[in-house]
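One-letter residues, chain by chain:
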Number of protein chains: 2
Amino acid sequence: MPSSQAPSPTQAIRGRLFWFDADPEEAGDAAAHMIEDGLLTIAEGHVVAVGEASALLKTLPADASVADHRGNLVMPGFIDPHLHFPQTQVIASYGAKLLDWLNAYTFPEELKYADPVHAARNAIFFFDELLANGTTTAAVYCSAHPTSAEAFFAESERRGTRMAAGKVMMDREAPPRLIDTAESSYRDSKALIAKWHGRGRQLYAISPRFAITSTPAQLEAAGALSREHADCLVQTHISENDAEIAYAKQLYPECADYTAIYEKYGLLGGNSLMGHSIHLSEDERRRFSQAGAVAVSCPTSNLFLGSGLFDWRAMRNPERPVRIGVATDIGGGTSYSMLATLSEMYKVLQLQGQKLPARAAFHAITRGNALAMGLEAKIGGFFPGAEADVVVLNSGATRAMAHRMETARTLDEELFVLMTLGDDRAVEETYVMGAPAKRRLAPTARTR
Amino acid sequence: MPSSQAPSPTQAIRGRLFWFDADPEEAGDAAAHMIEDGLLTIAEGHVVAVGEASALLKTLPADASVADHRGNLVMPGFIDPHLHFPQTQVIASYGAKLLDWLNAYTFPEELKYADPVHAARNAIFFFDELLANGTTTAAVYCSAHPTSAEAFFAESERRGTRMAAGKVMMDREAPPRLIDTAESSYRDSKALIAKWHGRGRQLYAISPRFAITSTPAQLEAAGALSREHADCLVQTHISENDAEIAYAKQLYPECADYTAIYEKYGLLGGNSLMGHSIHLSEDERRRFSQAGAVAVSCPTSNLFLGSGLFDWRAMRNPERPVRIGVATDIGGGTSYSMLATLSEMYKVLQLQGQKLPARAAFHAITRGNALAMGLEAKIGGFFPGAEADVVVLNSGATRAMAHRMETARTLDEELFVLMTLGDDRAVEETYVMGAPAKRRLAPTARTR
């Protein structure tokens, strides 16, 4: 929706508008925009204009509604480029590292998503939870069953959210009722693409789980899908932990390293979201950079499963920069909150003597993740024509935050308090295409 | 209060009583006690009896009050053996490692605690926050100003909480108005001990901050205080990060390692809480074990400041076991919640290929930390005569927890959900000496 043909706004959101139109690690402070009393005007779910409230209020028709969030930060909705829809009841499963964790906890849970009723019910929870945390777009793995992707997209369509998702392709190293075949995974993915990709705000992500659970024939099929549907995302996992890497190499002995497996089948490209990417060699990073592939870091998961520490600085090497995403990886991750995810990202980098400034962090979960998903022309910023997905943040939402904010003097301090102490309570409201979308949690019942 | 002379109970708490009377890492499942419909009967703030509600209800007089928490876990109040009262507005300070963090953020903030009004006001917040998180006992560093310790103890006395605290002794390497002298720190500590140690539930902790900020003369004075008041705790910091270790060794060139500094001045004993203890050598661990000193791990802080990973397994070596505590270390730490602290402890151990079972974790923050503080005869368990400090936990307090609990089948799973996903919202109520003590947070105002 180019601004030249923008219709007259019918609604607006007022508050401390804050967004990025460049990367603060490259462009410095000029990358960020802050309007203390700002107005975002909206028509038909899209941004019409962004500016000072004092000026823009005059452009609104008399019957336009204005959501008043003065005092609160108003940012583009958060984007989570790696999590698993069928793992909401896997979170907080005790005591395993990746491969054992998959077998002991994850696969038994994902089996349940063959049932469309179970999938539909949990999709409601999943969207409630994401929106409660201010996440309006995500790249999502469904189970291997087409039913799970159907349930996911149906719920996303109901919510009006921009989501990318795909049924997992997985034809070995998992329970019989959880696996597909190279042929069926190709056919089922193809059918889902035909039905859902580009329907409203829904996007398809071709989703071979990882090299261990796919035969060469299936990776071949995934590569074919990617060639045939070049506007779909590809998402997979790579170099998460040592045992996984060793086993992947054993299963693909002809490939020199893990990255070479995905290269061989045409799965490392500019639309590829490569989950984890922890233990890449310098040569693999160079090839990621050349291919334009995105290394998606999942800090709460990497700590929880003891997988290792994502090397941000190495990725950002300006001589061969690797694109970065930051994600929750529910259910290996331990929080749906992108704020909590930033807090753990900061800790992962501190352990390596690296820094994550608050602006770089908030850029990462808005414009940065939009870039990672190739959606920067639609979401992740406030610009005319942008889809009006918005999160409203209260930096004093909890007692501890309000107390700490008493001494915060700068926006950077405020942002750092939000990412260090914040969780879903800091999300005052979430808007999807301009409509309020955060459901309040009803008072909880007792446990039993 | 031996049970033989226990008065008749006047109140009771009903719920899923859960506590330890041994260490599950040594005694296995027999260490834990669970009574699904249990009753804790209380007289004058002390436990009279613990058992099945069906039996014990009959022992209550007709006018006794029964707090009904059926369905919720009821545990001994949490114990936090290392945090800093004057650092509640230091939390979430960006970008530094230990020594820079002290100079840039912490010392300027601690300076404010020379003002008794500021100290008294923030003491109210501090106790509100601890009790909201279910923490009923802590070992606390005040600032170097006696005023801060006065404010702390006065508030603790008002709340009726069992606390150990001390004014920090610090006579160099800090701003002029923040330091004392060897002589004044001895005199002021001595006066505070005379006034507060053993008054009601208050206990004094002799608190030389660490070797870097104390001259040899001050450590000598701290050692003298410890000899003269052998029933006081000693608390200090050791081996938190590499730069600190190197500087400490430089300041005490005659000592072979960091531990030797505290040994030299008689500060490594069975009443010593040694904060952090991350980078100890095997020889230092052996001497900790012989001395009976406690290594207090502060996982959220150690990750936030990038200090390093606490080696639990090495401490637990049965040939020379080192006593362990687990603490928040506010304001280097990022959460007041002992549940969130356990979550990070788990992650710290996962990164090292070590495990922290849920029972070991909950033991650590109740009976384990009571043992660390030498208070196991008074708190940390449910036994006749125990002080009735209690935390009531709702495992389904948030949407994400309630959803996850749908599939939890065992107590261990429930405990692990609580520690992985829980925060102050999971604390349904906190009792101090049998009295409800959790203040509800009023609806928050907007940030600005």
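Quick caveat, the model's predicted, so the values are computed rather than measured.

J.: Help me out: how do you make sense of the packing of helix α13 (residues 338–350) of chain B against helix α16 (residues 411–421) of chain B in this one?
T.: To characterise two packed helices, one gives the angle between the axes of the helices and the distance between these axes. All names here are of chain B. At their nearest, the axes of α13 and α16 sit 6 Å apart, and the two run at 95 degrees to each other. On the basis of their axis angle, the class for α13 and α16 is roughly perpendicular. Taken together, the residues of α16 that come into contact with α13 (itself represented by Leu339, Leu342 and Ser343) are Leu418, Met419 and Thr420. In the contact of α13 with α16, the residues fall into four nonpolar, two polar and no charged.

J.: What is the right way to read the interface of chain B and chain A from this model?
T.: Interface size is often expressed as the accessible area that is lost when the parts come together. With 47 residues of chain B at the interface, the matching set in chain A holds 47 residues. Within the residue set of the side of chain B that touches chain A, elements represented by two or more residues are β4 (65–76), α4 (116–132), α11 (299–304), α13, α15 (399–405) and α16 of chain B. In terms of residues, the side of chain B that touches chain A owes the most to one element, α15(B), which gives six residues. Along the lines of polarity and charge, the residues of the side of chain B that touches chain A split into 20 nonpolar, 18 polar and nine charged.

J.: Looking at this structure, I do not really get the sheet that holds strand β16 (residues 435–436) of chain A. What am I missing?
T.: What links the strands of a sheet is backbone hydrogen bonding, and the strands pair in either a parallel or an antiparallel sense. Residues and elements named next belong to chain A. The strand order across the open sheet formed by seven strands is β3-β2-β1-β4-β14-β15-β16, and the pairing between neighbours is mixed. At either end of the open sheet lies a strand with only one pairing partner, and these are β3 (46–52) and β16. As paired elements, strand β1 (residues 11–20) and strand β2 (residues 32–43) share nine bridges and run antiparallel to each other. Across the sheet, the residue bridging to Leu17 is Ile35, located in β2.

J.: I'm lost on the sheet that holds strand β3 (residues 46–52) of chain B in this one. Help?
T.: All names here are of chain B. The strand order β3-β2-β1-β4-β14-β15-β16 describes an open sheet built from seven strands, whose pairing is mixed. The open sheet has two edge strands with one neighbour each: β3 and β16 (435–436). Of the strands in this sheet, β1 (11–20), β2 (32–43) and β4 touch helix α14 (residues 358–372), which is tilted by about 125 degrees from β1.

J.: It is not clear to me how the domain arrangement of chain A should be interpreted in this structure. Could you clarify?
T.: All names here are of chain A. Structurally, chain A comprises domain 1 (3–77 + 384–436) and domain 2 (78–372). Between domain 1 and domain 2, the residue contacts involve 27 residues of the former and 26 residues of the latter. The set of elements that each furnish at least two residues to the side of domain 1 that touches domain 2 consists of β1, α1 (24–27), β4 (65–76), α16 (411–421) and β15 (427–432). The element that contributes the greatest number of residues to the side of domain 1 that touches domain 2 is α16, accounting for six residues. Residue classes in the side of domain 1 that touches domain 2 are distributed as 16 nonpolar, four polar and seven charged.

J.: Which parts of the structure should I look at to understand unusual backbone geometry?
T.: Negative phi characterises most residues that are not glycine, and trans characterises most peptide bonds. A cis amide bond links Ile330(A) with the next residue in sequence, Gly331(A), at an omega value of 0 degrees. One can find Gly331(A) in the loop between β13 (323–326) and α13 (338–350). Backbone geometry at Ser239(A) places phi at a positive 50 degrees, although glycine is not the residue there. Considering the arrangement of structural elements, one finds Ser239(A) in the loop between β10 (233–238) and α8 (242–251). Here Glu44(B), not a glycine, exhibits a phi torsion of approximately 50 degrees, which is positive.

About the thresholds
- Residue indices follow the written sequence of each chain, beginning from 1 at its first position.
- Each chain takes a letter, starting from A, and each ligand takes a number, starting from 1, following the order in which they are written.
- Two thresholds apply to this predicted model, a pLDDT of at least 70 for residue-level local features and 80 or more for giving and counting side-chain atom pairs, whereas whole-chain, interface and lining totals are computed over all residues.
- All axes here are fitted lines through C-alpha atoms, helices being fitted over the stretch that makes contact, and every angle between N-to-C directions spans 0 to 180 degrees.
- In this text, helices come from DSSP runs of H or I with a minimum length of four residues, and strands from runs of E with a minimum of two, each type numbered from the N-terminal end.
- For this classification, under 35 degrees means roughly parallel, over 145 means roughly antiparallel, 65 to 115 means roughly perpendicular, and everything else is oblique.
- Residue pairs qualify as contacts under a 7 Å threshold applied to their C-beta atoms, which are placed from the backbone.
- Ten residues, namely Ala, Val, Leu, Ile, Met, Phe, Trp, Tyr, Cys and Pro, are considered nonpolar, four, namely Asp, Glu, Lys and Arg, are considered charged, and the remaining ones, Gly among them, are considered polar.
- Pairing between two strands requires that DSSP report at least two bridges joining them.
- Marked domain ranges trace back to an automatic or database domain assignment.

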